[in-house]
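Understanding the architecture of this molecule
Read off the chains here:
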Amino acid sequence: MEAPALEHQILESERQQKFTSLILPNGAAAAAEKNPMAAADYCPSDNDNDIDNDLASTRTASPTTTDFSSSSDDHSTETSDNLHSSNNTSCPPSPITTTATSSSLISKPSYPLPPPSTRLTTILPIDLKTPDHLIPRDPRLIRLTGSHPFNVEPPLTALFEHGFLTPQNLHYVRNHGPVPTSVATATATTTINEEEEVDDSLLNWEFTVEGLVEHPLTITVRELMDASKWDNVTYPVTLVCAGNRRKEQNVLRKSKGFSWGAGGLSTALWTGVGLSEILAKAKPLTKKGGARYVCFEGADQLPNGTYGTSVKLAWAMDPHKGIMVAHKMNGENLHPDHGRPVRVVVPGQIGGRSVKWLKRIVVTKGPSENWYHVFDNRVLPTTVGPEESGEKTEEMERVWRDERYAIYDLNVNSVICEPGHGEVVSLRGKEEGETYRLRGYAYAGGGRRVTRLEVTLDQGKSWRLAGIEYPEDRYREAQDGEELFGGRLDVSWRESCFCWCFWDLEIPLSELREAKDVCIRAMDESLALQPKEMYWSVLGMMNNPWFRVVIHHEGDTLRFEHPTQPMLTSDGWMDRVKKEGGNLANGFWGEKVPGAEENVVKQEPVKEISMVDDKVTRLITLEELRQHDGEEEPWFVVNGQVYDGTPFLEGHPGGAASITGAAGQDVTDEFLAIHSENAKAMMPTYHIGTLTPSALAALKSSSTSDPALSDPNRPIFLQSKTWNSAILTSKESVSPDTKIFHFTLSHPAQSIGLPVGQHLMMRLPDPAKPTESIIRAYTPISDGTSERGTLRVLVKIYYDSPTEDIKGGQMTQALDALALGKAVEFKGPVGKFVYQGRGVCSVNGRERKVKRFVMICGGSGVTPIYQVLRAVAVDDQDGTECLVLDGNRVEGDILMKRELDELVERAKPEGRCRVKYTLSRPGEEWTGLRGRLDKTMLEREVGEGDLREETMVLLCGPEGMQNMVREVLKGLGWKDEDVLVF
């Protein structure tokens, strides 16, 4: 029903007032309502030294600045309602000059200025144990990858309430690793200064322009800021992470990216020099050299090199595209997390193209070969799942390098900000005709304008148009020659749109009362329209389906629920529907469609395996249990039941240490996390009684081990009866699905305490069930007898497969998602095999001598093999011969090949140690063995069993491979005692 003309005018007036509160920062909007000119007198925080000298002498600290240094728990931003009038001497006029008049003449701006900034001086406790321990940050930012690296978004409500421009301290951050050390160190010495002066080392920071150019350049930040050398410009740009709204994809089906909410974007006024001007001086060799691309490279040191990417040269040379080399943000020096001292800003494209800590600009014939350009920021076909994407095949390599899948321009997107998630609207006492104002943001890419925002209350059967406000257009009204923050306002002549816009629509409460949900979609000027359905891809990027908010009718109130929340512990309607068994991919957001038959797979009830002998009725006291906490007659407790491990000391696959290490303890979590159903079914044989309730309570509330075993100053890290923590300090990618996790021990002189051939237990909290743990056994690649202070573990990560009903590795995915700086618990050693050196080894405590090892492995099963080979190869007095057979699918699956080959070269005499690699799917250039580790290959390479018992076979790999190899070796006459499976 259309409102009468007068009512429409009133609503439109109210809408404009509402938008004023978005466009202007907190406090300034209130003043603007009382005095429209107050908005013109608004000025940002004055903690920078970025305005002309004429103005600098009048500057004082802004009364609106929030200082978190006093308390990291204070998350509020204080503002004054009586701000920025022309008589307010505590805040200087806006730093806007015009070249048409004297420098002392101050113009009143009609465009938005930055919100009050926060001068951050305190290092947050969460950052103290990370490589970024010198960087102050805002505690309100939501951390998406734990303590490190720093990947954050502002709360959606705070982001929206700040309006068009985002304070620098609340701007979203995407860091692939630590802030460069030189930047962090220089920052630590300057952030305490009131004026936030830039350290000379940062002013002298250089970046180069090189490659296919006629005149290579080396430019310092000091030179870049010099108006006599370069034309500095200022204009607003909205940066958006390609992963914005990714959590919605992750709920549907896990991608390889972490879960951004809808706050992965921010807008700021950037000041710097246009890239087109810089390149014009360098003169790219387009005709003579075939220059077509511009590559950017930062200073950050990452597992796969420095971060780098590229854009097309034609875009970089086009002033309309607005690509900038920036040194200021909202009139302030760049914060370290935002690229201090200089970065690239690419408007209209994903944030991943805007390289921070800029060091090199390289003009090339082709796109960047940087790892992060090739293997990140792409939308691969939806048929490519996490497992396939990690395959090192020629076909997969071509897919990754296909520039058709690279993301440049942003797609059209929109979000509902009001009502917020969890917001409750009371219907009690509401008069007929009262309305609720829906509000939110929208953006498009490539400089295109959002031209339409539509709202539906009936899931797309009918739509209504929302009003759209474009605050960016206000900068186009600036006077010619106006300067802002030391740069010429360079907006008026442009047709491009670089920023987000705001939309709103009044909806009668009576209609919301009848609706199940609210959905929105946006369209840009190319007529690109947000789709209803999600397009899932393996990196989870460019997610832009309709934004849907569910309405819950709870008595006389309405409660609104957003699709997701960025926090891992907080859910939206998508999480709820999935937990309730709904199919989020059914085209109706997981709802059951009336009259439609859905194939619901009935879950088979989990069959409980009894681990007790019902005939056993003995009650066991704590004193009795403590009498069996040693290596002889070890007893242990699982679920309150007591078991005697003595009969299984020799037969346990993990060796006697696995049982004696559990003696006298409650090992429920470890046992249930590690053991198979078959192992559980064996337990009644070893069941001897039930621990008394008082004994069980005492056992759970006290430690049965010596406190000295947890003393951080102890010389040996691993303890068989005590879990001890090490800090995850770095992750080193060695293949798309395999990483080396580096841990720091309690002190630099602490040894690992792991004999050659033994394993350790690793324990992590279960992300899905925080009260439960995940425990797995691993063999580190560290030398467990000689390395000090650090622990290195090679882990192959098994991601969820493309089909939702097949899950990947619980532990490996949890470890991969764990943030740097987090603690991981370890226990050990465990295992039945120990290589003591020079041909002497022990199996279940029984010593034997060997003259030759045949070691067979596949995939990450190489780690215990590597341990033994290293011990043999580095000891010139060890005459033991070694043959390693390493089987994999493709060459990229071979792990630690360089390290294995180096050990072969190290071993003396030459030929004493050999490694042979075989591939089941080799490429044309492969020169090693071809085929699977099957009977034919084992007959040829290993041969018949050694009747003299001087050879021992060590085996580690996938269960299927292990079973096959054991069966073949048995047929070749190998005895069971000569074949050891790790």
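Residues numbered from 1 in each chain as written. Predicted model: local features only at pLDDT ≥ 70, side-chain atom pairs only at ≥ 80, totals over all residues. Heavy atoms only, no water.

Going by what an unreviewed UniProt entry lists, the protein chain is known as Nitrate reductase [NADPH] and is assigned to Neurospora hispaniola. Of the comments in the UniProt record for the protein chain, the one headed Subunit (unreviewed entry) reads "Homodimer." You can read under Catalytic activity (unreviewed entry) in the UniProt record for the protein chain the words "nitrite + NADP(+) + H2O = nitrate + NADPH + H(+)". (UniProt positions renumbered as here; feature names shortened; annotations may be inferred.)

Our next topic: the overall build of the protein chain. Across its full length, the protein chain holds 26 helices and 45 strands. For the protein chain, the residues scored as buried account for 55% of the 982 residues in total. Long-range contacts, defined as pairs at least 24 residues apart, comprise 72% of the intrachain contacts of the protein chain with a sequence gap of at least 6. When the accessible surface of the protein chain is totalled, it reaches about 42,600 Å², and 50% of it is carbon and sulfur. (Helix = DSSP H or I, 4+ residues; strand = E, 2+ residues; numbered from the N terminus. Buried < 20%, exposed > 50% of the residue type's maximum accessible area, 1.4 Å probe, protein only. Contact = heavy atoms within 4.5 Å. Areas by Shrake-Rupley, 256 points an atom, 1.4 Å probe, with all protein chains shown as cover.)

It is worth spelling out the sheet that holds strand S20 (residues 467–469) at this point. Pairing within the open sheet is antiparallel, and its 4 strands lie in the order S15-S17-S23-S20. For this open sheet the edge positions go to strand S15 (413–418) and S20, each flanked by a neighbour on one side alone. Between one strand and the next, the sheet's axes are offset by a mean angle of 30°, whatever the strand orientation. Here S20 pairs with strand S23 (residues 501–508) via 3 bridges, running antiparallel. Across the sheet, Gly 467 pairs through a bridge with Asp 504, a residue of S23. (Pairing = 2+ DSSP bridges. Axes fitted to C-alpha atoms, helices over the stretch in contact; angles between N-to-C directions.)

As enumerated under the stated definition, the model contains 23 aromatic pairs in all. Taken together, a centroid distance of 6.1 Å and an interplanar angle of 40° make the contact between Phe 164 and Tyr 475 tilted. Of this pair, Phe 164 sits in the loop between helix H5 (156–161) and strand S4 (173–174) while Tyr 475 sits in the loop between S20 and strand S21 (482–484); the two residues are 311 residues apart in sequence, bridging distant segments of the chain. When the centroid spacing of 5.8 Å and the interplanar angle of 85° are considered together, the rings of Tyr 172 and Trp 260 count as edge-to-face. Remark: Trp 260 occurs in the loop between helix H9 (246–252) and strand S8 (265–274) and Tyr 172 occurs in the loop between H5 and S4; sequence separation between them is 88 residues. Note on accessibility: Tyr 172 and Trp 260 belong to one class, buried. Above the plane of the ring of Phe 258 lies Arg 246, whose end atom (NZ or CZ) is 5.7 Å from the centre. When the ring centre of Tyr 235 is taken as reference, the NZ or CZ atom of Arg 494 above it lies at 4.6 Å. (Phe/Tyr/Trp six-rings, centres within 6.5 Å; stacked < 30°, edge-to-face > 60°. Lys NZ or Arg CZ within 6 Å of the ring centre and 35° of its normal.)

Between its terminal C-alpha atoms helix H23 (residues 862–873) stretches 16 Å, which fits the 16 Å expected from 12 residues at 1.5 Å a residue. Among the 12 residues that make up H23, 11 are buried, leaving the element largely enclosed by the rest of the structure. All of the buried residues in H23 are Val 862, Thr 863, Pro 864, Ile 865, Tyr 866, Gln 867, Val 868, Leu 869, Arg 870, Val 872 and Ala 873. (Expected span 1.5 Å × (residues − 1).)

Reading across the sheet, the 6 strands line up as S43-S42-S41-S40-S44-S45 and stay open at both edges, with parallel pairing between neighbours. Strands at the two margins of the open sheet, each flanked by one partner only, are strand S43 (929–930) and strand S45 (979–981). In the sheet, strand S41 (residues 881–888) pairs with strand S42 (residues 913–919) via 7 bridges, with the strands oriented parallel. Counted as the bridge partner of Leu 883 is Arg 914 from S42. Each of strand S40 (852–858), S41, S42 and strand S44 (951–956) is contacted by H23, which is oriented at about 150° to S40, the strand it contacts most. Its contacts with the sheet place helix H26 (residues 959–971) against S40, S44 and S45, and it is angled at close to 155° to S44.

Their axes nearest at 9 Å, the elements H23 and helix H24 (residues 897–906) cross at an angle of 20°. What the angle tells us is that H23 and H24 run roughly parallel. In this structure, H23 meets H24 at a crossing whose hand is left-handed. The residues of H24 that touch H23, namely those facing Val 862, Tyr 866, Leu 869, Arg 870 and Ala 873, are Glu 899, Leu 900, Leu 903 and Arg 906. (Parallel < 35°, antiparallel > 145°, perpendicular 65-115°, else oblique. Left-handed = near helix turned anticlockwise from the far one by under 90°.)

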